[in-house]
Amino acid sequence: MMHRMERPSNDEYFMDMARLVSTRSTCIRRKVGAVIVKDKRVLSTGYNGSPKGTRHCEELGCIRVQLNVPSGTRHELCRGVHAEQNAVAQAAYFGVSVKDSTIYTTTFPCSMCAKILINAGIKEIVYDQGYMDDLSHSILKETDVVIREYHPAGSLADKARSEYPF
């Protein structure tokens, strides 16, 4: 008799990947990861951090903390590139179209990222945690981009971590 192997759903699988990607973040305020997927295949990943070849906030300190900039505002006052931006940029760098794809991101996209995702042709955004950016929500409501909050159904990854805590 064959036993059916328990597998994570696609949402769980790709969101767990986004969480793993976020561990590469060099931001000292918020760790964000993103995975762009099409036809159940990973096209690109991104995490938030300083541009390639530049010093990280871990070394220099966070300009947003130094200037006491509230979360969700003045996105231009940051050395870092956001996870969603990096995922789209990495796909472009390698000549991979993200048109009609889905992005899994650990945090709801800010307004800057929302505009980039819309123009890149992303058709669906699946996010894990909310983010205070009313403009982002407003802009996305004007589009056909599908927005879904991720709701895990008893994460297999969490179960595996409890069974094999290494």
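For the structure itself, look to the data block above.
The numbering scheme is per chain: residues are counted from 1 as the chain's sequence reads. Selection of residues for local features in this predicted model requires a pLDDT of at least 70, selection of side-chain atom pairs for listing and counting requires 80 or more, and totals for whole chains, interfaces and linings are taken over all residues. With hydrogens and water stripped out, all remaining heavy atoms of the structure feed into the side-chain values.

S.K.: How would you explain the environment of Ser-138 if you had to name every residue and give the values?
M.R.: By secondary structure assignment, the location of Ser-138 is in helix H6 (residues 134-141). Classification of residues uses two cut-offs on accessible area relative to the type maximum, computed with a 1.4 Å probe and protein chains only: under 20% is buried, over 50% is exposed, and between them is partly exposed. Ser-138 gets classed as partly exposed once you look at its relative accessible area, which sits at 36%. As for Ser-138 and Ser-111, which are separated by 27 residues in sequence, their C-alpha atoms are 8.9 Å apart. The helix count covers DSSP runs of H or I at least four residues long, the strand count covers runs of E at least two residues long, and both are numbered beginning at the N terminus.

S.K.: I'd like to hear about the nonpolar core, residue by residue, with values.
M.R.: Nonpolar cores were defined as sets of buried Ala, Val, Leu, Ile, Met, Phe, Trp, Tyr and Cys residues, with membership established by side-chain atoms within 4.5 Å. Core analysis: the largest hydrophobic core is formed by 20 residues, its most contacted members being Ile-36, Ile-103, Leu-117, Ile-122, Ile-125 and Leu-140. Contributing elements (two or more residues each) for this core: strand S1 (33-38), helix H4 (83-93), helix H5 (111-120) and strand S4 (124-129). Core analysis: the next-biggest nonpolar cluster, separate from the first, contains nine residues, Val-21, Val-35, Val-37 and Tyr-150 among them.

S.K.: Give me the pairing of S1: which residues, what numbers.
M.R.: Burial of S1 is extensive: five of the six residues sit out of reach of the surface. A pair of strands counts as paired when DSSP detects no fewer than two bridges linking them. The pairing of S1 with strand S2 (residues 41-47) spans six bridges and is antiparallel. Bridge assignment links Lys-38 to a residue of S2, and that residue is Arg-41. Judged from the four bridges that link them, S1 and strand S3 (residues 102-107) form a sheet pairing that is antiparallel. Pairing of Ala-34 across the sheet is with Thr-105, part of S3.

S.K.: Quick rundown of the layout of surface pockets? Include the residues and the values.
M.R.: Of the two site types, the cavity is a set of points on a 1 Å grid over the protein atoms alone where a 1.4 Å probe fits but cannot get out, and the pocket is an open set with protein on both sides within 12 Å along at least five of seven lines, each lined by residues with an atom within 4 Å of a point. Grid points are joined across faces, edges and corners, and a volume is the space filled by probe spheres set on the points. In this model, the largest pocket occupies a volume close to 410 Å³. What lines the largest pocket is a set of 26 residues, among which Cys-27, Arg-30, Asn-48, His-82 and Tyr-131 lie closest to the centre. Counted by class, the lining of the largest pocket contains 13 nonpolar, nine polar and four charged residues. Size it by volume and the second largest pocket reaches roughly 360 Å³. As a working rule, the residues Ala, Val, Leu, Ile, Met, Phe, Trp, Tyr, Cys and Pro are called nonpolar, Asp, Glu, Lys and Arg charged, and the rest polar, with Gly in that last group. Here the residues of the lining of the second largest pocket sort into four nonpolar, ten polar and two charged.

S.K.: Which residues make up the sheet that holds S4, and what values go with them?
M.R.: Ordered in space as S2-S1-S3-S4-S5, the five strands form an open sheet in which the pairing is mixed. A strand with exactly one partner marks an edge of an open sheet, and here the two such strands are S2 and strand S5 (146-149). The mean inter-strand angle of the sheet, taken between neighbouring strand axes irrespective of direction, is 20°. The strands touched by H4 within the sheet are S1, S2 and S3, with S2 carrying the most contacts at an inclination of about 130°. Fitting a line to C-alpha atoms yields each axis, with helices limited to the stretch in contact; the angle taken between N-to-C directions then spans 0 to 180 degrees. Contacts were defined at the residue level, with two residues in contact if any of their heavy atoms lie within 4.5 Å.

S.K.: Report on the packing of aromatic side chains, specifying residues and quantitative values.
M.R.: We call Phe, Tyr and Trp rings a pair once their centres come within 6.5 Å, taking the six-membered ring for Trp, and we label the pair stacked below 30 degrees between planes, edge-to-face above 60, and tilted otherwise. Inspection of the entire model under this criterion finds four aromatic pairs. Aromatic pair Tyr-93 and Phe-94: ring centres 5.0 Å apart, planes at 75°, arrangement edge-to-face. When its relative accessible area of 60% is taken as the criterion, Phe-94 is described as exposed. Between Phe-108 and Tyr-127, the aromatic rings sit 4.9 Å apart at their centres with planes inclined by 90°, giving edge-to-face as the arrangement. In this pair, Phe-108 is assigned in the loop between S3 and H5 and Tyr-127 in strand S4, connecting sequence segments 19 residues apart. By the burial criterion, Phe-108 is buried, and Tyr-127 matches it.

S.K.: Could you give me a rundown of the pattern of salt bridges, with the residues and numbers involved?
M.R.: By salt bridge we mean one thing: a side-chain nitrogen of Lys or Arg within 4 Å of a carboxyl oxygen of Asp or Glu. Enumeration over the complete set of coordinates arrives at six salt bridges. Where Asp-128 meets Arg-19, a salt bridge forms, and the shortest distance between an N and an O atom there is 3.0 Å. Taken together, the residues Asp-128 in strand S4 and Arg-19 in helix H1 (residues 10-22) connect sequence positions 109 residues apart. A salt bridge links Lys-99 to Asp-100; its shortest N-O distance comes to 3.5 Å. For Lys-99, a relative accessible area of 48% gives the class partly exposed. Take Asp-100: its relative accessible area is 37%, and that puts it in the partly exposed class. A cluster of three or more residues bridged by salt bridges with shared partners is formed by Asp-11, Glu-124 and Arg-148.

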